[in-house]
Amino acid sequence: YGGIGSVVKLVAEAMAVRGHKVFVAGNYAGFRDIDDISIINGVEIYRFTSKYYKTPCVRILLLLLWLGNKSGIRIFSNKFRFWIAALKHRITEQKIEKLIQQCNIDIIEIPDFNDAVLHDLTYPVKHKKYQIPTVIRVHGSVSFLKYYFGNSIPQYILKNDKANLLRADAICAV
């Protein structure tokens, strides 16, 4: 657990103890041998593991990225990485939307930090505005971290962080 994971665990379990039905969904794309769904301390946990991201489009882009890197033609590598990350971002949002509908979720809280923005979303992407109230927990966005450590902030990072925050109905901080 990192800082965000620790906060989510503590808040989710405290809400469950108070009688709320709590769901936590997360991207576990790097994991294979982990349960997709589990209940821990009264919290339903949905893990979007690597199998959720193995769509035909993602597979084709991964193959093109691999072929380009293998042959030494890396001119499109950043674009392919961006398209892969953008597709995975969209898949995650679709999975969350499905959970909202299936589980009759009333409110959603999401973090301001998105690891893909730091590494692969090197162009602005559209962030989904959910049909239920959305709270964004300010925990340290990529823009903030770059600013805090005295680094310049690329425009695409500012645009992605801003777009993420603008979909919020409320903002809270830890």
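Residues numbered from 1 in each chain as written. Predicted model: local features only at pLDDT ≥ 70, side-chain atom pairs only at ≥ 80, totals over all residues. Heavy atoms only, no water.

> Honestly, the pattern of salt bridges in this entry has me stumped. Any pointers?
Opposite charge on two side chains lets them pair, provided their charged atoms get close. All told, the structure shown has 7 salt bridges when counted by the stated rule. Here E13 ties to K9 by a salt bridge, and the two come within 3.0 Å at their closest N and O atoms. With E13 and K9 both in helix α1 (residues 3-17) and 4 residues apart, this pair spans about one turn of that helix. Connected through salt bridges with shared partners, the residues R90, E93 and R167 form a single ionic network. (Salt bridge = Lys/Arg side-chain N within 4 Å of Asp/Glu carboxyl O. Helix = DSSP H or I, 4+ residues; strand = E, 2+ residues; numbered from the N terminus.)

> Explain the nonpolar core to me, please; I cannot follow it from the model alone.
As a rule of thumb, nonpolar side chains are buried together in soluble globular proteins. Core analysis: the biggest nonpolar cluster contains 20 residues, and F48, I96, I100, I108, Y130 and I132 have the highest contact counts within it. Mapped by element, the contributors of at least two residues to this core are β3 (43-49), α2 (56-71), α3 (77-102) and β4 (108-111). No other element matches the 6 residues that α3 contributes to this core. Formed by 6 residues, the second largest nonpolar core is a distinct cluster that contains A16, V22, V24 and I45. (Core = buried A, V, L, I, M, F, W, Y, C linked by side-chain atoms within 4.5 Å. Buried < 20%, exposed > 50% of the residue type's maximum accessible area, 1.4 Å probe, protein only.)

> Is there a simple way to think about the sheet that holds strand β5 (residues 134-138) in this case?
Two strands in a sheet stick together by hydrogen bonds in their backbones, pointing the same way (parallel) or opposite ways (antiparallel). Strand order in the open sheet formed by 3 strands is β4-β5-β6, and the pairing between neighbours is parallel. Across the chains shown, the open sheet's two edge strands, defined by having one partner strand only, are β4 and β6 (170-173). Pairwise comparison of adjacent strand axes, ignoring direction, gives a mean angle of 30° for this sheet. Relative to β6, β5 runs parallel, the two sharing 4 bridges. By the bridge assignment, R137 is partnered in β6 with C172. (Pairing = 2+ DSSP bridges. Axes fitted to C-alpha atoms, helices over the stretch in contact; angles between N-to-C directions.)

Shape is all these values report; function is a separate question.
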